[in-house]
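Examining the three-dimensional arrangement
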Amino acid sequence: MVKITDTSFRDAHQSLMATRLRTEDMLPIAEKMDEVGFYSMEVWGGATFDSCIRYLNEDPWERLRELKGKIQNTPLQMLLRGQNLVGYRHYPDDVVDKFIQKSIENGIDIVRIFDALNDIRNVEYSIKAVKKYGAEVQGAISYTTSPVHTTEQFVELAKQFEELGCDSLCIKDMAGLLRPFDAKELVGMLKEELSIPIDLHSHCTAGIAPLAYMSSVEAGIDILNCAMSPLSMGTSQPPVESIVAALKGTKYDTNLDLVLLTEIRDYFDEIRNKYKCLINPISERVDARILRYQVPGGMLSNLVSQLKEQGALDKFEEVLNEIPNVRKDLGYPPLVTPTSQIVGTQAVMNVLTDERYKIITNEVANYLKGYYGKSPAPISKDLVKRALQDGEKQITCRPADLLEPEYELMEKEAFAKGIVSKEEDILTYALYPQVAVKFLRGELKAETIPQEKDVSKFMEIPNEYIVEVDGDSFNVKVEPVYSSGIKKEEKKEIITAETEGAVTSPFRGIVTKIKVSTGASVKQGDQILVLEAMKMENPVECPVDGTVEKIIVKEGQSVNVGDILMIIK
C-alpha cells in the first residue's frame, strides 16, 4: 500500500500563488480532510511563516493551533530548513531548540528537515531537538542534478540521516527534475540500503513528476506527496485524486475514498477561483526548460511575484537564463530555500543592474564566506575574493558553531519593544525582526485578494496617462513625490535622477540601514545603505569618491526604482 501526504495547506499554494492562502479558507474543509486517512498533512513551515506576517497579517502560531483543533486524527507535518528554521540565515542552537519545542507544543507531529546544501552538519542539531521533544523526524535529501551530483552521493547522505535517528527519509525534488528511470534507480537503491520508509516529494513544473511517481511506486516507494487537484500540477505537486485512482485495485492501492476526495475537491475548486488572480499562467503551465533552469515550484511563483513588484516582469526570461550561470559561479548548490532565494535574487540583481555582480547581496556574500555550509563544488575564486574583506578567510567549521546564543537577547529586545503577548512572539521577532515589530504591534494590514477588475494593482504601475477634460484629451506624465521631509522648493533641485550626484535606487525595496551621515567622506565602492528587497538584504555602493551632501531617505522608508536615495558630490 502506498500512503499519501497532502500538501494543499503548505507547498501547493506556496508553489502556485506565492503562499497567500489564508487560514480562514483552510479551516472550513480541515475536518473533512482529516477523515480521508492521509499519512500526514503538510500545513506549516517553508514560506508559510514569513507570508503570514509579511502579507496576510496572520499569526502563524495561531494558524497552527487552529488547524490542530480541527485535525485530530491526521499527523500534522511541517518543513524545516535545518539550522535556517523557516528563515534565510543560520540561527544559533538555542533559537533552533526553542523554535522546535514550540512548534511541537503547538501541534506539529512530523518535522521534515533538510539543508539546502545537503551539508549534514546543518541538520544534526535540529534532528536531535525534534527527537528530544517527542515528534517524528523525516530527513530530506535536496535532490538536484549537476556535473557534481550522483545517485551514490544521495544514497550515502540518506544513510547518514538514518544513522542520526530519522524515522523516515524524503527525496525532496523541489524543482521537479527527477526523471522516471532515475527515480526507479534511486528509490530502488534506497530501499536496499535503508530500513526506514521512503517518501517522494516532487513538482510538476517540467511535466515529469507523475511519471516519476509511478516508476517510484514500482521501485517500492512508501509515501507520495500530492495536492488536491484544484491546487495541483504546474509548479505544484501531482493531484491526490489522480494518483489514488491510478493505484486503485492494485497491490499499491492507497485505500483512500475517491467519493470523499471529490467532495473536498469541490471546495478547493471554489478556493482556486477566489485566488485565481494570484495564480500566474507561468506557474500553471508545463515548462520543460526548468530541467535546465532548475527553478523550484515555490521559487518560480515567488520570482514572478517579485519581478512584478519590481516592475520588471519583462525581464523574466533574462533572469531564468541568468540563474544557471549564478548557480555555477556558486558551486552548484541545489536550488531550494534559502539557496534558491539567494541565487534567484542575485540573478535578478545581475539583470536589473545591467552588470553582473555590480550588487552582491549580503546573503550571497555570507554564502561565499562559507556561512551557509560547504558548497557541492568549488566557488568562483573572483567572487570569493570580492566577498572576503580585511584578511577574512572562508570558514570550514559547522557555521552555527560560530554563532553566540541569542534567544535571551531577542527576548529582552522584544519585551523592551512591548511586542510580547506570548512566548512564541519572541521567536517571531528572532526570525523576522524587521517585519515582526510592525506585525506584533498591529501596524500591518493584510493584502487584498485581487479580483479581475483590480488585478492591475498587482502589475507594473504606469506613469503616463491620457486625461480627458471637457472633451479635450491631455497626455499626462506622473513623477513620484519623495516623502523625505525636504522643503518644497528643494524638490525641484533633486527630483530627477539626472541631478549631479544623485544616487538612485536600482530596485524597489525598504531602506533597512543607512550607513553614512551627511557630510561624510566616502569612496567609490563603500556601502552607503542597505535595501531589503525580495527577502534579501542588498547593499548599495557609492558610485564615486566624494562627500555626502544630502540623505533623502529614512530607515524604514519604501523606495521605488529610480528614487533618489542621497546626493553625493
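Because the structure is predicted, anything quoted here is derived from the model rather than measured.

About the cut-offs
Residues numbered from 1 in each chain as written. Predicted model: local features only at pLDDT ≥ 70, side-chain atom pairs only at ≥ 80, totals over all residues. Heavy atoms only, no water. Pairing = 2+ DSSP bridges. Helix = DSSP H or I, 4+ residues; strand = E, 2+ residues; numbered from the N terminus. Axes fitted to C-alpha atoms, helices over the stretch in contact; angles between N-to-C directions. Contact = heavy atoms within 4.5 Å. Buried < 20%, exposed > 50% of the residue type's maximum accessible area, 1.4 Å probe, protein only. Salt bridge = Lys/Arg side-chain N within 4 Å of Asp/Glu carboxyl O. pLDDT = per-residue confidence, 0-100. Polar contact = N/O pair within 3.5 Å; in protein donor to acceptor, adjacent residues only side chain to side chain. Expected span 1.5 Å × (residues − 1). Arc of directions from axis to C-beta. Phe/Tyr/Trp six-rings, centres within 6.5 Å; stacked < 30°, edge-to-face > 60°. Lys NZ or Arg CZ within 6 Å of the ring centre and 35° of its normal.

Description of the sheet that holds strand E1 (residues 3–6)
- If you walk around this closed barrel you meet the 8 strands as E1-E2-E3-E4-E5-E6-E7-E8, and the pairing is parallel. Looking at each pair of strands side by side, their axes are set apart by 30° on average, direction ignored.
- In the sheet, strand E5 (residues 136–142) pairs with strand E6 (residues 168–172) via 5 bridges, with the strands oriented parallel. Counterpart to Ile141 in the pairing with E6 is Ile171.
- With respect to the sheet, helix H1 (residues 8–17) is in contact with E1, strand E2 (40–45), strand E3 (76–80) and strand E7 (198–201), its orientation differing from that of E2 by roughly 60°.
- On top of the sheet, helix H9 (residues 209–218) reaches E7 and strand E8 (223–226); it is set at about 165° to E8, its chief contact.

Re unusual backbone geometry
- Backbone torsion omega between Thr337 and Pro338 reads 10°, so that peptide bond is classified as cis.
- Considering the arrangement of structural elements, one finds Pro338 in the loop between helix H15 (316–329) and helix H16 (339–352).
- You will see that Gln294, though not glycine, has its phi angle at about 60°, which is positive.
- With respect to the helices and strands, the residue Gln294 is situated in the loop between helix H13 (290–293) and helix H14 (297–309).
- On the basis of relative accessible area, Gln294 is assigned to the buried category, the value being 5%.
- Not every positive phi belongs to a glycine, and Tyr332 is a case in point at roughly 55°.
- With respect to the secondary-structure elements, Tyr332 resides in the loop between H15 and H16.

Considerations on the pattern of salt bridges
- Overall, the coordinates contain 40 salt bridges when judged by the stated rule.
- Residues Arg398 and Asp93 are paired through a salt bridge, measuring 2.7 Å at the closest nitrogen-oxygen approach. A residue pair is termed long-range when its members are at least 10 positions apart, and Arg398 in the loop between helix H18 (381–387) and helix H19 (407–416) and Asp93 in helix H5 (residues 93–105) qualify at 305 residues. You'll find Arg398 and Asp93 in the same group, each marked buried.

Here's the deal with the confidence of the model for the chain
- Averaged over every residue, the pLDDT of the chain is 90; the share at 70 or more is 91%.
- Note that pLDDT drops below 50 for residues 455–462; the model gives that stretch 9 contacts with residues more than four away or on any other chain.
- Low pLDDT (under 50) marks residues 481–495, which in the prediction has 20 contacts with non-local residues, meaning those over four places away or in another chain.

Observations concerning the side chain of His90
- Along the chain, His90 falls in the loop between E3 and H5.
- We classify His90 as buried; its relative accessible area is 6%.
- In this structure the side chain of His90 is engaged in a polar contact, spanning 3.0 Å, whose partner is the side chain of Asn84.
- A distance of 3.3 Å separates polar atoms of two side chains, one belonging to His90 and the other to Asn122.
- Every residue in contact with His90, bar those within four places of it in the chain, is listed here: Gln83, Asn84, Asn122, Tyr371, Tyr372, Pro399, Ala400 and Leu403.

Some details on helix H7 (residues 151–163)
- Given a rise of 1.5 Å per residue, 13 residues ought to cover 18 Å, and the 19 Å separating the end C-alpha atoms of H7 matches this to within 8%.
- Among all positions in H7, only Phe154, Val155, Leu157, Ala158 and Phe161 are buried. For H7, the arc enclosing every buried residue in end-on projection is 160°, short of the 170-degree limit, so these residues lie on one face.
- On its buried face, H7 is in contact with strand E4 (110–114), helix H6 (124–132), E5, E6 and helix H8 (180–193).
- With its phi angle positive at about 100°, Gly165 sits one or two positions after the end of H7.

Notes on the packing of aromatic side chains
- Taken as a whole and assessed by the stated rule, the structure comprises 12 aromatic pairs.
- A centroid spacing of 5.2 Å and a plane angle of 40° characterise the contact between Tyr143 and Phe154, whose relative ring orientation is tilted. Here Tyr143, found in the loop between E5 and H7, pairs with Phe154, found in helix H7; they are 11 residues apart in sequence, far enough to count as distant. There is no split in this pair, since Tyr143 and Phe154 are both buried.
- Sitting over the ring of Tyr55, Arg20 keeps its end group 3.7 Å from the ring centre.
- A cation over an aromatic ring shows up here: Lys172 above the ring of Phe114, its NZ or CZ 5.1 Å from the ring centre.

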